[in-house]
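# Residue-level structure breakdown
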Amino acid sequence: MTRPRNYWWVLGILVSIQSMASPDVQDENFDLVVVGATFSGIAAAINAAEYGHHVALVEEYPDIGGLMTGGLSFTDFISYEVLGGTFLNYMQRVESYYKEKYGSTSKQVRDSHYGIHAEPHVTLEIFHQMLDEYESNISLMSRHRIESVILSSGNYSLEKITFRNLETNEAKTLSAKFFIDATYEGDLAAKSGVNYVVGRESRQQYGEVFAGKIYFDQGRILTGSTGEGDEGVQGYNFRMIMTNSTFNRVPVDKPADYDRTKYLPTAAILKNGLVSNVFSEGRDAILRSQMIPNQKADINDIKNSPVRIALLGENYEYPDGSPEIRDKIIQAHKQHILGFIYFLQNDPEMPEKHRKEASEWGLARDEFKENNYFPTRLYIREARRMVGEYVFTEHDVRLAKNSIRTKQHSDAVAIGDYALNCHGIKAQGPLYKYISEGDFGHVPPPFQIPFGVIKPKEVSNLLVSVAVSASHVGFSGLRLEPTWTALGQAAGITAHLCIKNNLSIKEVLVEDVQDILHNKGAKTIYISDIEINSPYFRVAQYFGTLGLFHVLFDQDSVELRSPNSLFGTQYKEAYPFHTLDPTIKLDKKLSNQWLNLINLDENQMQKAKNLTLNDITRGEFLEGLYKIIHSDP
């Protein structure tokens, strides 16, 4: 079963240790401390700093940006219409970078796909640019690791965090009014006594089809799928940046502990034709090579392939592991992938055509120069998951009753658009030779993400924007950088409101958070024909989040279909039947449906009905209705 975790029992020890800290420990005060300079953490920091708050952004690694500067450059989502807010701002900066450097019609611009794909060093430059715009308000501290925390005994609020400088070994204590955990591992939340789980829930716990032990292939759940929960964690791997450019590639050397016998089954699989290629943008290969600008590829594991670069089953100790245990797991994954590449390129058992194909690729000379051209971050698909005010599950991506939209959340602070997607828990066999246990995939329509997934139940001034509150299955659809970034933006705005008005997270109104999000072009409902430059964007987001657009199309009136692919990639056209069509004339039936879905007083209702007496469009009606609701009394 999953491992529920609660650290309250150790807090007394932690606080005692902290209170006895030596007098030379530095102590600094901030409005907000954000732990983890992932893009989610960066989004949180800049969205709070914009309002003048003094923010500390603390990162354990040398570089900021998490996976987006550490190898993951082909970012996952499905429909471009899901993107907004801080993430869309980043995309626009990427596209501008490539246009300015190479020209607006260049291949680099085309390969960036509107700024969604960037080389790691470009993303790193842009992230620093975004932070530098608030340099008077944001203090960036890299190479600092959490050691302990102090919580108040009264309302269970965080007061201080002590960090250890990994370069100087000095301790530094940061005090703040508010805190955000944006680490992939949920380290601050765990040390602060927030309940969390590691592993998989059983099928019975939340009634999820894909929960627990599962064998899944081509849309079918196979025999042997018991649905039992356990401590299994989704597989990790590195997202290497490789190139077939003869001018930029660096050969992969034989690792010190190389053992070719570990990789020999791969040669047999290639000889038998079970896999067609070594490198491919599709799924018929060993290494999924998804192209990014300047003839480089983001290399990834391929789900349910006969050959895996993810070390399934060898990462279970990582989430709760000490720094030493985590580093051991990281190094094992590094040695595995480097040894694998070396085998593919050099071993005499490899079929000649495949060895030749593999040898055309090498590490990119202009990436990760300080790390021997190897990525700086292991791809942590899942670690700890907080148990917060709301647990996001498989049911949140299922269709709402009588609607083609997914479950409605009026308290949504972000949206997602990706599959429930797990790369597996345990290695292939013995039941099925080439099917990994725990691997599943299901593509729902776009979905809303409620406020409660970032809100702990135990601590009054802490939000968690990455290790969010979700089941194993639910988290598999949230674990994307655009989604984590959107939740980071929501966390930063919430922190601003709490600091400004001296509120706890239980007291802040989600309507106030949503209002700021919408003003910043962030989305809380998927509407494919209303983008941030539309005059109806704000009112559409407001009323869509309240559920008005769930009644536009019912399940019996349309034929649902999967959108077509764009650019031959996983990205697709806008999801069908998720439009508002604001220029269509409003009909009486729809206006009555809409008015029945919102709470209006008698005076407001009369004004709203008067609107319908005119020849008016859907967009004009919603705009008028918004003004009625938000007018001064």
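Everything quoted here is computed from the prediction, not taken from an experiment.

### Things to note about the overall build of the protein chain
Within the protein chain one finds 17 helices and 24 strands. When burial is assessed residue by residue, the protein chain has 61% of its 633 residues classed as buried. Put simply, 75% of the contacts in the protein chain that link residues at least 6 apart link residues at least 24 apart. Carbon and sulfur atoms make up 48% of the accessible area of the protein chain, which amounts to about 25,100 Å² in all.

### Side note on the pattern of salt bridges
Charged atoms that come close allow side chains of opposite charge to pair. All told, the structure shown has 33 salt bridges when counted by the stated rule. Put simply, Glu147 and Arg164 hold a salt bridge, and the shortest N to O gap is 2.9 Å. Placement of the pair is Glu147 in strand β5 (residues 144-151) and Arg164 in strand β6 (residues 158-165), with a sequence separation of 17 residues. The exposure class assigned to Glu147 is partly exposed, which follows from its relative accessible area of 34%. Owing to a relative accessible area of 23%, Arg164 belongs among the partly exposed residues under this scheme. Residues Lys407 and Asp396 are paired through a salt bridge, measuring 3.8 Å at the closest nitrogen-oxygen approach. Taken together, the residues span a long stretch of sequence, with Lys407 in the loop between β19 (385-386) and β20 (412-416) and Asp396 in the loop between β19 and β20 at a distance of eleven residues. When its relative accessible area of 34% is taken as the criterion, Lys407 is described as partly exposed.

### Side note on the nonpolar core
The biggest cluster of nonpolar side chains holds 127 residues, and the ones touching the most others in it are Tyr90 and Leu287. Tallying contributions element by element places helix α12 (residues 481-501) first for this core, with nine residues. For Tyr90, the residues in contact, after removing those within four places along its chain, are Phe39, Met68, Gly115, Ala118, Thr123, Ile126, Phe127 and Met130. In terms of nonpolar packing, the next biggest core, distinct from the first, is built from 29 residues, Phe549, Leu600, Phe621 and Leu622 among them.

### Regarding the environment of Asn89
Along the chain, the position of Asn89 falls in helix α3 (residues 85-102). Taking relative accessible area as the criterion, Asn89 reaches 30% and is therefore assigned partly exposed. Residues Asn89 and Gly115 lie 26 residues apart in sequence; the distance between their C-alpha atoms is 9.6 Å.

### Considering α12
Along an α-helix, a turn takes 3.6 residues, which lines up residues three or four apart on a common side. Taking 1.5 Å of rise per residue, the 21 residues of α12 would be expected to cover 30 Å, and the 30 Å separating its terminal C-alpha atoms lies within 8% of that figure. Among the 21 residues of α12, 18 are classified as buried, and the element is accordingly described as predominantly covered. Downstream of α12 by one or two residues, Asn502 has phi in the positive range, about 55 degrees.

### Comments concerning the pairing of β6
Bridge count for β5 against β6 is seven bridges, and the pairing is antiparallel. Counterpart to Leu151 in the pairing with β6 is Leu158. Pairing of β6 with strand β7 (residues 171-181), which is carried by five bridges, proceeds in the antiparallel orientation. Following the sheet pairing, Thr162 is matched in β7 by Thr173.

### Some thoughts on the packing of aromatic side chains
All chains considered together, the criterion is met by 31 aromatic pairs. Ring centres of Tyr258 and Tyr342 lie 5.1 Å apart, and the angle between their planes is 75 degrees; this geometry places the pair in the edge-to-face category. Of this pair, Tyr258 sits in the loop between β13 (249-250) and α8 (264-271) while Tyr342 sits in helix α9 (residues 323-346), and the two are 84 residues apart along the sequence. When the ring of Tyr542 is compared with that of Phe543, the centres are 4.8 Å apart and the planes differ by 85 degrees; the resulting orientation is edge-to-face.

### Thoughts on the pairing of strand β15 (residues 285-292)
Most of β15 is tucked away, with seven of its eight residues classed as buried. As defined by bridge partners, strand β14 (residues 277-280) adjoins β15 across three bridges and the pair is classed as parallel. Bridge assignment links Asn277 to a residue of β15, and that residue is Ala285. Here five bridges tie β15 to strand β16 (residues 296-300), and the two strands are oriented antiparallel to one another. Its bridge partner being in β16, Arg288 is matched across the sheet by Asn300. Adjacent in sequence and paired antiparallel, β15 and β16 are bridged by three residues, among which Asn294 carries a positive phi angle near 65 degrees.

### A word on the side chain of Ser305
Tracing the backbone through its elements, the reader meets Ser305 in the loop between β16 and α9. Take Ser305: its relative accessible area is 4%, and that puts it in the buried class.

Reading the values: the criteria
- Counting restarts for each chain: residues are numbered from 1 in the order of the written sequence.
- Totals for whole chains, interfaces and linings use all residues, but because this is a predicted model, local features are given only for residues with pLDDT of at least 70 and pairs of side-chain atoms are given and counted only at 80 or more.
- The side-chain figures draw on all heavy atoms in the structure; neither hydrogens nor water molecules are used.
- Helical segments are the DSSP runs of H or I of at least four residues, strand segments are the runs of E of at least two, and each set is numbered from the N terminus.
- Type-normalised accessible area, obtained with a 1.4 Å probe on protein chains alone, sets the label of each residue: buried when under 20%, exposed when over 50%, and partly exposed for intermediate values.
- In what follows, residue pairs with any heavy atoms lying within 4.5 Å of each other are defined as contacts.
- Accessible surface is estimated by sampling points in the Shrake-Rupley manner with a 1.4 Å probe; for residues, cover comes only from the protein chains shown.
- Salt bridge, as used here: a side-chain nitrogen of Lys or Arg that lies within 4 Å of a carboxyl oxygen of Asp or Glu.
- In these notes, a set of buried Ala, Val, Leu, Ile, Met, Phe, Trp, Tyr and Cys residues joined through side-chain atoms within 4.5 Å is what counts as a nonpolar core.
- Expected span, for any helix, means 1.5 Å times one less than how many residues it has.
- One requirement defines pairing of two strands: DSSP has to find at least two bridges between them.
- Planes of paired rings set the category: under 30 degrees apart is stacked, over 60 is edge-to-face and the rest tilted, where pairs are Phe, Tyr or Trp rings (Trp by its six-membered ring) whose centres lie within 6.5 Å.

Note that all results are geometric; they support no functional claim without further evidence.
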